[in-house]
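Each chain, written out:
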Amino acid sequence: MKVRAPSQDGQYFDVQKLIHGLQLHTICEEARCPNISECWGRGTATFQILGETCTRACRYCYVHSGRPDAPPDQLEPLRVAQAAAQMRLKHVVVTSVDRDDVPDRGAGHYAATIRAIKAKLPEAKVEVLTPDFLGVEEQALQTLLAARPDVFNHNIETVRRLHRAMRGGKADYDRALWLLRRAKELADYPVLTKSGIIVGLGERNDEVVETMRDLRAHGVDVVTIGQYLQPSAKHATIDRWVHPDEFRWFREQGEAIGFGSVFSGPLVRSSYRADEQRHAAETGRGAVAY
Ligand code: SF4
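Residues numbered from 1 in each chain as written. Predicted model: local features only at pLDDT ≥ 70, side-chain atom pairs only at ≥ 80, totals over all residues. Heavy atoms only, no water.

**Observations concerning the overall build of the chain**
Here is the rule we go by: Counting from the N terminus, the helices are the DSSP runs of H or I reaching at least four residues and the strands are the DSSP runs of E reaching at least two. Per-residue accessibility, obtained with a 1.4 Å probe over protein chains only, is compared with the maximum for each type, and a residue is labelled buried under 20%, exposed over 50%, and partly exposed between these values. It only takes one pair of heavy atoms within 4.5 Å for two residues to be counted as in contact. Areas reported as accessible are Shrake-Rupley estimates using a 1.4 Å probe. Residue values count occlusion only from the protein chains shown. In this tally, Asp and Glu contribute negative charge and Lys and Arg positive charge; neither His nor the terminal groups of the chain are included. Taken as the charge centre is NZ of Lys, CZ of Arg, CG of Asp or CD of Glu, depending on the residue.
A tally of helices and strands in the chain yields eleven helices and nine strands. Principal axes of the C-alpha set define a box for the chain whose edges measure 45 × 45 × 40 Å. Among the 290 residues that make up the chain, the fraction classed as buried is 55%. Expressed as a percentage of contacts within the chain between residues at least 6 apart in sequence, the contacts between residues at least 24 apart total 74%. When the accessible surface of the chain is summed, it comes to about 12,800 Å², and 49% of that surface belongs to carbon and sulfur atoms. Charged side chains in the chain number 39 positive and 38 negative. The centres of these two groups are separated by 1 Å.

**Digging into the site of the ligand**
For clarity, the cut-off: Being near a molecule or strand, for a residue, comes down to having at least one heavy atom within 4 Å of it. Each residue gets one label: Ala, Val, Leu, Ile, Met, Phe, Trp, Tyr, Cys and Pro are nonpolar, Asp, Glu, Lys and Arg are charged, and the others, such as Gly, are polar.
In the region of the ligand, the neighbouring residues are I27, C28, C33, N35, I36, C39, T46, R269, S271 and Y272. Elements that contribute at least two residues to the shell around the ligand include exactly helix 2 (27-30) and helix 3 (36-41). The residue makeup of the shell around the ligand, split by class, is six nonpolar, three polar and one charged.

**A few points about the packing of helix 6 (residues 137-145) against helix 8 (residues 173-186)**
Rule in force here: Axis definition: a line fitted to C-alpha atoms, limited for helices to the stretch in contact. Angles are taken between N-to-C directions and run from 0 to 180 degrees. Roughly parallel here means an angle under 35 degrees, roughly antiparallel means over 145, roughly perpendicular means 65 to 115, and every remaining angle is called oblique. By the definition used in this description, the sense in which the near helix is turned from the far one sets the handedness, with an anticlockwise turn below a right angle giving left-handed and a clockwise turn giving right-handed.
At a minimum axis distance of 10 Å, the contact between helix 6 and helix 8 shows a crossing angle of 40 degrees. Relative to helix 8, the element helix 6 is oriented oblique. Once helix 6 is placed against helix 8, the crossing between them reads as right-handed. Where helix 6 approaches helix 8, its residues E137, E138, L141, Q142 and L145 are matched on the opposing element by R175, W178, L179, R182, A183 and L186.

**What to know about helix 4 (residues 76-86)**
Within helix 4, the full set of buried residues consists of E76, P77, R79, V80, A81, A83 and A84. Elements that come into contact with the buried residues of helix 4 comprise helix 1 (12-21), strand 2 (46-49), strand 3 (91-96) and helix 5 (107-120). R88, located one to two residues past helix 4, shows a positive phi value of around 55 degrees.

**Quick look at the packing of aromatic side chains**
Pairs of aromatic rings are described using the distance from one ring centre to the other and the angle between the two planes. Which entries qualify depends on this criterion: Aromatic pairs are defined between Phe, Tyr and Trp rings, using the six-membered ring for Trp, whenever the two ring centres lie within 6.5 Å; interplanar angles under 30 degrees are classed as stacked, those over 60 as edge-to-face, and all others as tilted.
Per the counting criterion, the structure on display carries five aromatic pairs. Aromatic side chains W249 and F250 sit 5.9 Å apart centroid to centroid with 55 degrees between the ring planes, which places their arrangement in the tilted category. According to the relative accessible area criterion, W249 is partly exposed, its value standing at 35%. Here the aromatic residues Y12, F13 and W40 are joined through ring pairs into a cluster of three or more.

**A word on the pairing of strand 8 (residues 261-264)**
Keep this limit in mind: By the convention used here, strands pair only if DSSP detects at least 2 bridges between them.
Here strand 8 shows no split at all, with S261 and F263 on one side and V262 and S264 on the other all buried. In this sheet, strand 8 lies alongside strand 7 (residues 222-227) in parallel orientation, the contact comprising four bridges. Pairing of T224 across the sheet is with F263, part of strand 8.

**Points about the pairing of strand 7**
So the rule is basically this: Look down the strands so they point away from you; if the path from the first strand over the helix to the second goes clockwise, the crossover is right-handed.
The buried count for strand 7 comes to six of six residues, which makes it a mostly enclosed element. Pairing of strand 6 (residues 192-199) with strand 7, which is carried by six bridges, proceeds in the parallel orientation. Directly across from K194, in strand 7, lies its bridge partner V222. Crossover strand 6 to strand 7 through helix 9 (residues 205-217) is right-handed. A crossover links strand 7 with its parallel partner strand 8, the connecting element being helix 10 (residues 244-257), and its sense is right-handed.

**Description of the side chain of S96**
Operational definition: N or O atoms within 3.5 Å of each other form a polar contact, as long as, within protein, one can give a hydrogen and the other can take it, and as long as residues adjacent in sequence are counted only when both atoms are side-chain atoms.
One can find S96 in strand 3. Taking the relative accessible area as the measure of exposure, S96 reaches 13% and is therefore buried. Side-chain polar atoms of S96 contact the side chain of Y110, separated by 2.7 Å. Contacts of S96, omitting those with residues within four sequence positions, involve Q48, I49, L50, Y110, L129 and P131.

**Let's talk about unusual backbone geometry**
Non-glycine residue Q23 carries a positive phi angle of around 50 degrees. Of note, Q23 is situated in the loop between helix 1 and strand 1 (25-26). Positive phi is not limited to glycine here, since F133 has a value of about 50 degrees. For F133, the location among the structural elements is in the loop between strand 4 (125-129) and helix 6.

Purely spatial values, then, with no claim about function.
Listed below in structure tokens is the structure:
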């Protein structure tokens, strides 16, 4: 796999200056995403709200884990909206750390961020990639969906057999599926739902297909599949490098299962070309592999 280094061509350094100047975080940097040169060079980024410290410690994730030392920053939603407006984004992706220390798990902060973006950029689509809102799921979904995100994304991350081992005792495969189905049930508008699978963590290909079937059975419209890259020696080791032909096979399986869009490829991440993923699902253009 080859990725581009940051260059003066494109908008990479403008995005970097803007994000850092507004004291914002992005999952692009926090998770050491391999696509950062490409995405920032195109003038896009995925905002990470609710701080830098995650209250979970998934074995594949590089985001800093621990006890957050501050409540959510009340002005962050406005700064995210300002950055999105300056970047002239037409599709804004917002994710976050898990905040099990906050009573509403951050749902109100998500809603405030969606509203702030829509106020500044009424034409833009807003996609949220949320945590599981452990213990307050129903109320959190109601709060978040009242702000009307266009895409509701919650990553299943891995197959049923590996879910607890990779994500820790608080995470639950069936609850993740429930959250995706419930979001669609609660929305009083046609929200698109989406989820992502990481491969290379020890799963078999038939289990990946089984997970896609589970997602589709819970109404999920868009699925992404990408190769796991070990972010440090402390994280889970890479079990296998999935061949591009296998990614193509996943795409064909996803298509047959009935997803509106399947993005499947070594460097595909949940927010990779998220605008194109949404467009593919909405227009029925179908599956894409990279
Ligand atoms: S794929 Fe997503 S997380 Fe990675 S650089 Fe692009 S926008 Fe950021």
